Amino acid sequence: MRITPPPRTFRVKSFGCQMNVYDGERMGELLSAQGIAPAPEGEDADLVVLNTCHIREKASEKVYSDIGRIVKSGEQAGRKPLIAVAGCVAQAEGEEIMARAPAVSMVVGPQAYHHLPEMLAKAARGERTTDTDMPAIAKFDSLPARRRIGPSAFLTVQEGCDKFCTYCVVPYTRGAEISRPFNDLTAEAERLVEAGAREITLLGQNVNAWSGTDDKGRAIGLDGLIRALAELPGLARIRYTTSHPSDVTDGLIAAHGEVEKLMPFLHLPVQSGSDRVLKAMNRSHTAGEYLRLLDRFRAARPDIAISGDFIVGFPGETDAEFEDTLRLVDAVGYAQCFSFKYSPRPGTPAATMEGQVAPEIMDERLQRLQAALNRDQAAFNAASVGRRCAVLVERKGKKAGQWLGKSPWLQSVWFEGDHAIGDLVEVDLVEAGPNSLAARVVERVAA
Ligand code: SAH
Ligand code: SF4
Ligand code: F3S
């Protein structure tokens, strides 16, 4: 039996969505509570956690090249770092990882990472362990309290997905939809604010499917949770992501008009503008229904910025169907968007559908779609010039006296002056670029 000295330093590398980033932070807190310190910037760590994403093939294959790189860097330094693979690739391909990558000692799924300490103890005895159990939400009860964090924090309120879009692995890697209890969430939000958060982004694979019972025993949805969190003194901004069109409620739309701390931003993926493709994707909404939802959000909050996700080249997508997507983009006028080439994922129904689209056609469609989305993003930024708004200071810029923050519409904003991270600064937006805006400070709002 090989006895390895316990790791003194760790590094968590998170890929994929914001929920993975949140999980990565929580794993870091768990390891810190074990007396393992974050590895200093630029130094190799004794323990590396690869917190992986399975959503597209490219993201998924990355894990093997990363493992190779860690092993090589360790060999050059004459040491053997412990490697843990976490996240959605761990959940989907745990056994394959163990077989293909002998350097990996721990494989841990997104619902099991609270077991990392026990797995580490076994790794010290030379045992390799896999834990991809999916106990309902148990992990949150066994994680240490939140530590000091930046001004903008994530809070996972809902996990998993019951929608089973035919292209997507998330229902398999993250399991069924589960809502965390109201009291746990208000308590965690309070701790985040005490630890320095001014903005909280509520996270869920389908965040607007969240439901719970508030402290007065009333059944509430995401809008009720948002209204309760808005009462927290010290918390200035609330955001949420990602929402699904089928779970949008009247209450959520109304909250955008009524809750001042709820930022005027909506990430509502649609994936395609063609009703036939949407049906084949099992999206449970049409393009028209999606557009009417947006009209209602805009009626409640006229300045709301809209964001979305698109997939081009879903099996069977014709030129005409792709044109429907471009037409929908024109009709919406997105402030920002994510767009992807369809990637067949093992075990999903779409992977074996007829009419897989050739890579060159996907490339061309993605280019055309992204040109349209970039055009609209630039137009949205240009139309923001002249607006006065509060910016949450997130970090220093490269030049002395320069700061970077976020506008209410989630735009990156540059400005100068004497500020501190976490300040809310009143600015005039004066100049727009494709990805950010320059601003002039109006006055300092008491922090
Ligand atoms: N729950 C969210 C996000 C899911 S993953 C939602 O339903 O919107 C984020 C995005 O990745 C999706 O919105 C989709 O645009 C994209 N995606 C998911 N599976 C994909 C696949 N197989 N190929 C390409 N893009 C995919
Ligand atoms: Fe995937 Fe669809 Fe669920 Fe989003 S709603 S996570 S795209 S299955
Ligand atoms: Fe990726 Fe898993 Fe998130 S597959 S996008 S890390 S839920």
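This one's a predicted model, so the numbers in the text were calculated from it and none came from an experiment.

Conventions adopted
- Residues numbered from 1 in each chain as written.
- Chains lettered and ligands numbered in written order.
- Predicted model: local features only at pLDDT ≥ 70, side-chain atom pairs only at ≥ 80, totals over all residues.
- Heavy atoms only, no water.
- Helix = DSSP H or I, 4+ residues; strand = E, 2+ residues; numbered from the N terminus.
- Rg over C-alpha atoms; globule rule 2.2 N^0.38 Å.
- Buried < 20%, exposed > 50% of the residue type's maximum accessible area, 1.4 Å probe, protein only.
- Contact = heavy atoms within 4.5 Å.
- Areas by Shrake-Rupley, 256 points an atom, 1.4 Å probe, with all protein chains shown as cover.
- Lys, Arg positive; Asp, Glu negative; His and termini not counted.
- Charge placed at Lys NZ, Arg CZ, Asp CG, Glu CD.
- Pairing = 2+ DSSP bridges.
- Axes fitted to C-alpha atoms, helices over the stretch in contact; angles between N-to-C directions.
- Domains from an automatic or database assignment.
- Near = heavy atom within 4 Å.
- Polar contact = N/O pair within 3.5 Å; in protein donor to acceptor, adjacent residues only side chain to side chain.
- Core = buried A, V, L, I, M, F, W, Y, C linked by side-chain atoms within 4.5 Å.
- Nonpolar A, V, L, I, M, F, W, Y, C, P; charged D, E, K, R; others polar.
- Phe/Tyr/Trp six-rings, centres within 6.5 Å; stacked < 30°, edge-to-face > 60°.
- Left-handed = near helix turned anticlockwise from the far one by under 90°.
- Right-handed = clockwise from strand over helix to strand, strands pointing away.

Q: Can you walk me through the overall build of the protein in this structure?
A: Helices and strands together make up the secondary structure of the protein, namely 12 helices and 21 strands. The C-alpha atoms of the protein give 23 Å as radius of gyration, which agrees with the globular expectation for 447 residues (22 Å, within 12%). Viewed in the frame of its principal axes, the protein has a C-alpha envelope of about 65 × 60 × 50 Å. Here the protein holds 447 residues, and 53% of them are scored as buried. Here the contacts in the protein between residues at least 6 apart in sequence split such that 70% fall between residues at least 24 apart. A total accessible area of about 19,600 Å² is found for the protein, and carbon and sulfur atoms account for 52% of it. Of note, the protein has its 53 positive side-chain charges centred 4 Å away from the centre of its 59 negative side-chain charges.

Q: Would you explain the sheet that holds strand β15 (residues 305-312) in this entry?
A: Two orientations exist for strands paired in a sheet by backbone hydrogen bonds: parallel and antiparallel. The strand order β14-β15-β16 describes an open sheet built from 3 strands, whose pairing is parallel. Each edge of the sheet is formed by a strand with only one pairing partner; in this case those strands are β14 (265-267) and β16 (336-341). Neighbour-to-neighbour, the strand axes of the sheet open up by a mean angle of 10°, direction not taken into account. One ladder, built from 3 bridges, connects β14 with β15; its direction is parallel. Its bridge partner being in β15, Leu-266 is matched across the sheet by Ile-306.

Q: Help me understand the domain arrangement of the protein in this model?
A: Partitioning the protein into structural domains gives domain 1 (9-138), domain 2 (145-263) and domain 3 (388-444). Domain 1 and domain 3 are separated by 36 Å when their C-alpha centres are compared.

Q: Help me out: how do you make sense of the site of ligand 1 in this one?
A: The local shell around ligand 1 holds 15 residues, among which Tyr-167, Gln-205, Gln-271, Asp-309 and Ser-343 are the closest. The separation between an oxygen atom of ligand 1 and a polar side-chain atom of Arg-56 is 3.1 Å. Residue Ser-343 places a main-chain N or O atom 2.8 Å away from a nitrogen atom belonging to ligand 1. For ligand 1, the accessible surface in isolation is 540 Å², of which the surrounding protein chains cover 90%.

Q: Would you take a moment to explain the sheet that holds strand β3 (residues 47-52) for this structure?
A: Ordered by their spatial adjacency, 6 strands build an open sheet running β2-β1-β3-β4-β5-β6, and the pairing between neighbours is parallel. The open sheet has two edge strands with one neighbour each: β2 (37-38) and β6 (129-131). Pairing of strand β1 (residues 9-14) with β3, which is carried by 5 bridges, proceeds in the parallel orientation. Across the sheet, the residue bridging to Lys-13 is Leu-50, located in β3. Contacting β1, β2, β3 and β4 (82-86), helix α1 (residues 18-33) runs over the sheet at an angle of about 170° to β1. Packing against the sheet, helix α2 (residues 57-76) makes contact with β1, β3, β4 and β5 (104-108), and its axis sits at approximately 170° to β3.

Q: What am I meant to see in the side chain of Arg-239 here?
A: Mapped onto the elements, Arg-239 comes out in strand β13 (residues 237-241). With relative accessibility at 7%, the residue Arg-239 sits in the buried group. Among the polar contacts listed, one links the side chain of Arg-239 to the side chain of Glu-199, at a separation of 3.1 Å. The contacts of Arg-239, once residues within four sequence positions are left out, are Glu-199, Ile-200, Thr-201, Leu-202, Met-263, Phe-265, Ser-407, Pro-408 and Leu-410.

Q: Is there a simple way to explain the nonpolar core in this structure?
A: Nonpolar side chains tend toward joint burial in soluble globular proteins. In terms of nonpolar packing, the biggest core is built from 92 residues, with Leu-202, Tyr-240 and Tyr-334 touching the most fellow members. Excluding residues within four positions of it along the chain, Tyr-240 makes contact with Thr-201, Leu-202, Val-207, Leu-222, Ile-226, Leu-252, His-256, Leu-262, Leu-266 and Phe-297. The next biggest cluster of nonpolar side chains, apart from the first, holds 17 residues, and it includes Leu-50, Val-89, Ile-97 and Val-107.

Q: In this structure, what is going on with the site of ligand 3? I would like to understand it.
A: Around ligand 3, the structure places Cys-17, Asn-20, Cys-53, His-54, Ile-55, Cys-88, Arg-174 and Gln-205. Looking at the shell around ligand 3, its residues break down into 4 nonpolar, 3 polar and 1 charged.

Q: Could you clarify how one ought to interpret the packing of aromatic side chains in this entry?
A: The relative placement of two aromatic rings is captured by the distance of their centres and the angle of their planes. Scanning the entire structure with this criterion turns up 4 aromatic pairs. A ring pair is formed by Phe-164 and Tyr-172, whose centres lie 5.6 Å apart and whose planes are at 75°; its orientation type is edge-to-face. With relative accessibility at 42%, the residue Tyr-172 sits in the partly exposed group. Judged by centre distance (5.6 Å) and plane angle (70°), the ring pair of Phe-314 and Tyr-342 falls under edge-to-face. Separated by 28 residues along the polypeptide, Phe-314 in the loop between β15 and α11 (319-332) and Tyr-342 in the loop between β16 and α12 (359-384) bring together distant segments of the chain.

Q: Looking at this structure, how should I read the packing of helix α6 (residues 182-194) against helix α7 (residues 222-229)?
A: Helices that pack against each other are described as a pair by the angle of their axes relative to one another and the distance between those axes. In contact at an axis separation of 11 Å, α6 and α7 are set at 35° when each is read in the N-to-C sense. The handedness of the crossing between α6 and α7 comes out as right-handed. Where α6 approaches α7, its residues Phe-182, Leu-185, Thr-186 and Ala-189 are matched on the opposing element by Leu-225, Ala-228 and Leu-229. Taken together, the residues of the contact of α6 with α7 break down into 6 nonpolar, 1 polar and no charged.

Q: For this particular structure, what's the right way to read the pairing of β5?
A: Note on strand geometry: in a regular strand, side chains alternate between the two faces of the sheet. Extensive coverage of β5 is indicated by the burial of 5 of its 5 residues. Of the strand pairs in this sheet, β4 and β5 are connected by 4 bridges, and their pairing is parallel. What sits directly across from Val-85, in β5, is Val-107. Crossover handedness for the path β4 to helix α3 (residues 87-100) to β5: right-handed. In terms of strand pairing, β5 meets β6 through 3 bridges, oriented parallel. When the sheet's bridge partners are listed, Met-106 is paired in β6 with Thr-129. Crossover handedness for the path β5 to helix α4 (residues 116-124) to β6: left-handed.

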